[in-house]
Amino acid sequence: MFKLTAATVLALLNATFAASLVERAALLPAVSNGALAPNAISIVETCNDANLAGACNAWSSTVLPSGCGDLAGAGQDNTVTSVATSAGIQCTLFDGVGCTGRSQLVVGTVNNLATVGFDNVASSFSCAST
């Protein structure tokens, strides 16, 4: 039989609080020419047309998990149709700003977000290691 003491409850609360304080790195600005900042890793490419075509932005970060990426700031609010994550990276697309609202997990390449009901829907995203 497990006996729950005040000390155990406090320890569990402290562990939960500490886990919620994982620092997220700010995303580096999206680039369309492929030039990455020093020490940055490419995490995801977002494109306005199917099959990674049309206007595309490459997103990078210096650490993972990344912060929340603002697609509107890169001119892609509700216009992304295809997405490709880098190897070992998974990203979650959100229909709301600030990584809120309905979401869609992406691992690898999705050539047409219509296949998962998220075409021209995403407003923000966040990424982490797989």
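Thresholds, definitions, all that
- Residues numbered from 1 in each chain as written.
- Predicted model: local features only at pLDDT ≥ 70, side-chain atom pairs only at ≥ 80, totals over all residues.
- Heavy atoms only, no water.
- Disulfide = S-S within 2.5 Å.
- Helix = DSSP H or I, 4+ residues; strand = E, 2+ residues; numbered from the N terminus.
- Buried < 20%, exposed > 50% of the residue type's maximum accessible area, 1.4 Å probe, protein only.
- Pairing = 2+ DSSP bridges.
- Phe/Tyr/Trp six-rings, centres within 6.5 Å; stacked < 30°, edge-to-face > 60°.
- Salt bridge = Lys/Arg side-chain N within 4 Å of Asp/Glu carboxyl O.
- Contact = heavy atoms within 4.5 Å.
- Polar contact = N/O pair within 3.5 Å; in protein donor to acceptor, adjacent residues only side chain to side chain.

Taken as a whole, this structure holds three disulfides when the rule is applied. Two residues, Cys 91 and Cys 127, share a disulfide whose sulfurs are 1.9 Å apart. Because the torsion about its S-S bond is 105 degrees, the bridge between Cys 91 and Cys 127 counts as right-handed. Within this pair, whereas Cys 91 is found in strand β6 (residues 89–96), its partner Cys 127 is found in strand β9 (residues 124–129), the two being separated by 36 residues in sequence. Each member of the pair, Cys 91 as well as Cys 127, is classed as buried. For the chain, the bonded cysteines connect in the pattern 1-2, 3-5, 4-6 when numbered consecutively along the sequence.

Inspection of the sheet shows strand β2 (residues 41–49) paired to strand β3 (residues 53–61) by seven bridges, in the antiparallel sense. Looking across to β3, one finds that Thr 46 is bridged to Asn 57. As defined by bridge partners, β2 adjoins strand β5 (residues 82–85) across four bridges and the pair is classed as antiparallel. Bridge pairing in β5 links Thr 46 to Val 83.

A few words on the packing of aromatic side chains. In this structure the tally under the stated criterion is one aromatic pair. Residues Trp 59 and Phe 125 carry aromatic rings whose centres are separated by 4.9 Å and whose planes lie at 80 degrees to one another, so their mutual orientation is edge-to-face. One end of the pair, Trp 59, is in strand β3; the other, Phe 125, is in strand β9, and 66 residues separate them in sequence.

Here strand β4 (residues 69–70) runs beside β9; their pairing, made up of two bridges, is antiparallel. Bridging across to β9, Asp 70 finds its partner in Ser 124. Sheet topology note: the β6/β9 ladder contains six bridges and is antiparallel. Paired with Leu 93 across the bridge in β9 is Phe 125.

Applying the stated rule across the entire model yields one salt bridge. Across the pair Asp 95 and Arg 102 runs a salt bridge, and its minimum N-O distance is 3.9 Å.

Now for the sheet that holds β4. Here four strands make up an open sheet; going across it, the order is β4-β9-β6-β7 and the pairing antiparallel. The sheet terminates laterally at β4 and β7 (100–107), the two strands that pair on one side only.

This next bit is on the environment of Asn 48. With respect to the element layout, Asn 48 can be found in strand β2. Between the C-alpha atoms of Asn 48 and Thr 81, which are 33 residues apart in sequence, the distance is 5.1 Å. Filtering out sequence-adjacent residues up to four positions away, Asn 48 remains in contact with Ala 53, Ala 55, Gln 76, Thr 79, Val 80 and Thr 81. Of the polar contacts made by the side chain of Asn 48, one reaches the side chain of Thr 79; its length is 3.1 Å.

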